[in-house]
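In case you want the letters, here they are:
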Amino acid sequence: MRKRLMPKPAKKAIPVKAAKNGRTTSGRWISDKKFFALCDRLREAQETLDAIQSGAVDAVVVKGAAGSKIYSLTGAEERYRVYVEQMQEGAITASQDGLILYCNQRFAEMVKTPLERVISAGMANHFVAEAWDSLSTVFTEQRDVVKHESVLLCPDGSTLAVHLTASRLPALGQNILCVVVTDLTEQKSQQQLRLAKDLADKANLAKDAFLAALSHELRTPLNPALMATVALEQTKKLPPHVRSGLALIRRNIELEAHLIDDLLDLTRIAKGKLELQPGPMDLHNVVKRAMEICASDAEEKRLRFNLHLDALETMTTGDAVRLQQAVWNLIRNAIKFTPMGGQVTIRTGNTTQPSVWVEVRDSGIGFNPHDSLKLFDAFEQGSRHITRQFGGLGLAIATSILAAHGGAIRAESPGLNLGATFTLNLPLRPLASAPALPAAARSAPPKQGRRLRILLVEDHKDTRLTLQLYLQATKNDVTAAETAHEALKLAAVQEFDLVISDLGLPDEGGGCGMMRHMRDRHGLTGIAVSGYGMEEDIEKSLDAGFAHHLTKPINLERLKSLIVEVSNQK
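All values reported here derive from a predicted model rather than from experimental measurement.

Reading guide: rules and limits
- Residues numbered from 1 in each chain as written.
- Predicted model: local features only at pLDDT ≥ 70, side-chain atom pairs only at ≥ 80, totals over all residues.
- Heavy atoms only, no water.
- Helix = DSSP H or I, 4+ residues; strand = E, 2+ residues; numbered from the N terminus.
- Contact = heavy atoms within 4.5 Å.
- Polar contact = N/O pair within 3.5 Å; in protein donor to acceptor, adjacent residues only side chain to side chain.
- Pairing = 2+ DSSP bridges.
- Axes fitted to C-alpha atoms, helices over the stretch in contact; angles between N-to-C directions.
- pLDDT = per-residue confidence, 0-100.
- Buried < 20%, exposed > 50% of the residue type's maximum accessible area, 1.4 Å probe, protein only.
- Phe/Tyr/Trp six-rings, centres within 6.5 Å; stacked < 30°, edge-to-face > 60°.
- Right-handed = clockwise from strand over helix to strand, strands pointing away.
- Parallel < 35°, antiparallel > 145°, perpendicular 65-115°, else oblique.
- Nonpolar A, V, L, I, M, F, W, Y, C, P; charged D, E, K, R; others polar.
- Salt bridge = Lys/Arg side-chain N within 4 Å of Asp/Glu carboxyl O.

A few words on the environment of Thr 345. Tracing the sequence through the fold places Thr 345 in strand 15 (residues 343–350). Along the primary structure Thr 345 and Ile 331 are separated by 14 residues, whereas in three dimensions their C-alpha atoms are 9.4 Å apart. Contact partners of Thr 345, with chain neighbours within four places excluded, come to Asn 306, His 308, Glu 359, Val 360 and Arg 361. Side-chain polar atoms of Thr 345 contact the side chain of Asn 306, separated by 3.2 Å.

Written out as structure tokens, the structure is:
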């Protein structure tokens, strides 16, 4: 038996003052024998705790009102203890009344409490009541395992999201609870990121749906206005000043349609769906076509147009239509922000590298040099006067078009009211080889289409009447229907060669649903004419049986050529 060293009793009594509610009372006197006995008991308690922590104790005896209970720790062998201490999860064992008998260091770190203060404390210090109620069903309902998601309580008032897995620990038939605690902080963070991504995706889908609907609603009234204006403008009996006014109306309608296209192009760019159709092209021809489109606007402002096509190497591979759109945006910007009587100079040239550049210089309002990069951001908010002056859509789209070709655009200006220079640089790429046409195909004139029986389906009255007049003027037989249901009834009793239909019909599943029926039942093909111009809309129309998809306001010459193409296939 270990011999305990005890101090010799003192001859004097020692005064001990008891504390109550934080206040010192007069206290009472105890003998030195009782005082040192108390110290001895405290020392033994500390030794017991140290022994439990070091693994030198096989069982713990806990005395209570119901008598003494023995909690065996014989299962905590050394190799398992090492494993539990090194595991990433927290681990505790507790009695049926919620007394923590053991915890590993990881759990102590989770609750931000020293290990010795966790052991022998109550579970209520670190677990919410709901968690303990759930875990204790291992005893009350004789369940093998209980899993529960909850939080741990820390002394500083913070909480930690955790997943709890509780089971009964087989220890000589005693009711001991074993709980494994998993930190869910990273999982919760990932979950929040996924939720944020889902919300962003839903917002993008809502935005795309809104833009598609907005496009349709804006394009629909433009279509009959543009067709009527074009028809009147081609009437030679009208006086020149009237035809000039009609040309002005037509250009502004086309500009409005182009702005709608810009909105949809931004959506395509953001989704990485800006499609290119590359082929052999001459950049000088691209510049000339862009200038022709802008010529009337420059004439109205009496601007001097200076053109210097100095580049020697201009043949490359690219999407001529898209590049024309980019150059057109630069020229239009120069015209828009140059005062009456100013000048716009367009130059081309080659660099030492295999590339070609196009420079558009104007004598307009210019901009602060530090704002040059912001000009190409769509809806730039950093400087409102930039958005108000330069818009942002056209330049942002032009930048994306050049980037898709491996090129870039830069902007320069000495300052406000000192003009601006926009320069695009395009690398010269090897020409794409195209198969040569047979001699007969090169020399044969285009075939003229025969008269077709056309079923026109359009629920917008003005568009239907205007388009019907145009189709009849092209020497075709036209039958018009206002709804898909009416069109299906006509197709059941009459023979048609071609269906020209809007997609946004209010019945029978819309234009696509109607076209599927026409294709499957009557073997008809069609041309979709719609205000919906997103990639998904085009794919749906082609899948439904439409051979072509035209976006409103439609190009009448393009429609005419497609009708001739269908006629030649009959």
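The next subject is the sheet that holds strand 7 (residues 90–95). Strand order across the open sheet formed by five strands is 8-7-11-10-9, with antiparallel pairing between neighbours. Of all strands in the sheet, those bounded by a partner on one side alone are strand 8 (100–103) and strand 9 (145–153). Across this sheet, the average inter-strand angle for adjacent strands is 25°, counted without regard to direction. As paired elements, strand 7 and strand 8 share three bridges and run antiparallel to each other. When the sheet's bridge partners are listed, Thr 93 is paired in strand 8 with Tyr 102.

The predicted model of the chain averages 79 in pLDDT, with 80% of residues at 70 or higher. Here residues 380–388 scores under 50 on pLDDT; set against residues more than four positions off or in separate chains, the count is nine contacts. With pLDDT under 50 throughout, residues 433–447 is counted as low confidence; its partners more than four residues away or in other chains account for three contacts.

Next up on the list: the side chain of Glu 233. Mapped onto the secondary structure, Glu 233 falls in helix 7 (residues 185–233). Note on Glu 233: relative accessible area 17%, which makes it buried. Contact partners of Glu 233, with chain neighbours within four places excluded, come to Arg 243, Leu 246, Ala 247 and Arg 250.

This brings us to the packing of aromatic side chains. Considering all chains together, one arrives at two aromatic pairs under this definition. On the numbers, 6.4 Å between centres and 55° between planes, the contact of Phe 367 with Phe 422 is tilted. Within this pair, whereas Phe 367 is found in the loop between strand 16 (355–362) and helix 11 (384–390), its partner Phe 422 is found in strand 18 (residues 420–427), the two being separated by 55 residues in sequence. Taking the relative accessible area as the measure of exposure, Phe 367 reaches 2% and is therefore buried.

Another aspect to go through is the pairing of strand 19 (residues 453–457). Within strand 19, four of the five residues are buried, leaving the element largely enclosed by the surrounding structure. Looking at chain direction, strand 19 and strand 20 (residues 477–481) are connected through five bridges and run parallel. Looking across to strand 20, one finds that Val 457 is bridged to Ala 481. This β-α-β element, strand 19 to helix 14 (residues 461–473) to strand 20, shows right-handed connectivity. For strand 19 and strand 21 (residues 498–501), the ladder comprises four bridges, and the chain directions are parallel. Considered in strand 21, the bridge of Leu 456 is made with Ile 500.

When two helices pack together, their arrangement is given by the angle between their axes and by how far apart the axes lie. It is the contact of helix 15 (residues 484–493) with helix 16 (residues 510–522), at a shortest axis distance of 10 Å, that shows an interaxial angle of 10°. In this view, helix 15 runs roughly parallel relative to helix 16, as classed from their interaxial angle. Mapping the contact onto sequence places Ala 484, Ala 487, Leu 488, Ala 491 and Ala 492 in helix 15 and Met 514, His 517, Met 518 and His 522 in helix 16.

In this section: the packing of helix 16 against helix 17 (residues 535–544). Where helix 16 meets helix 17, the axes come as close as 8 Å, and the angle between the chain directions of the two elements is 25°. As summarised for this structure, helix 16 and helix 17 are arranged roughly parallel, according to the angle between their axes. Across the interface between the two elements, Cys 512, Met 515, Arg 516 and Arg 519 of helix 16 pack against Lys 540, Ser 541, Asp 543 and Ala 544 of helix 17. Class assignment of the residues belonging to the contact of helix 16 with helix 17 gives a composition of three nonpolar, one polar and four charged.

Pairs can form between side chains of opposite charge whenever their charged atoms are close. Enumeration over the complete set of coordinates arrives at 15 salt bridges. In this structure, Asp 543 engages Arg 516 in a salt bridge whose closest nitrogen and oxygen atoms are separated by 3.9 Å. Of this pair, Asp 543 sits in helix 17 while Arg 516 sits in helix 16; the two residues are 27 residues apart in sequence, bridging distant segments of the chain. You can call Asp 543 exposed: its relative accessible area is 51%. Several salt bridges share partner residues, and in doing so they unite Arg 106, Glu 109 and Asp 183 into one network.

In this structure, Pro 553 follows Lys 552 across a cis peptide bond, with omega equal to -10°. Position of Pro 553 relative to the elements: it lies in the loop between strand 23 (546–551) and helix 18 (556–569). Even without being glycine, Lys 475 reaches a positive phi, approximately 70°. Note on placement: Lys 475 falls in the loop between helix 14 and strand 20.

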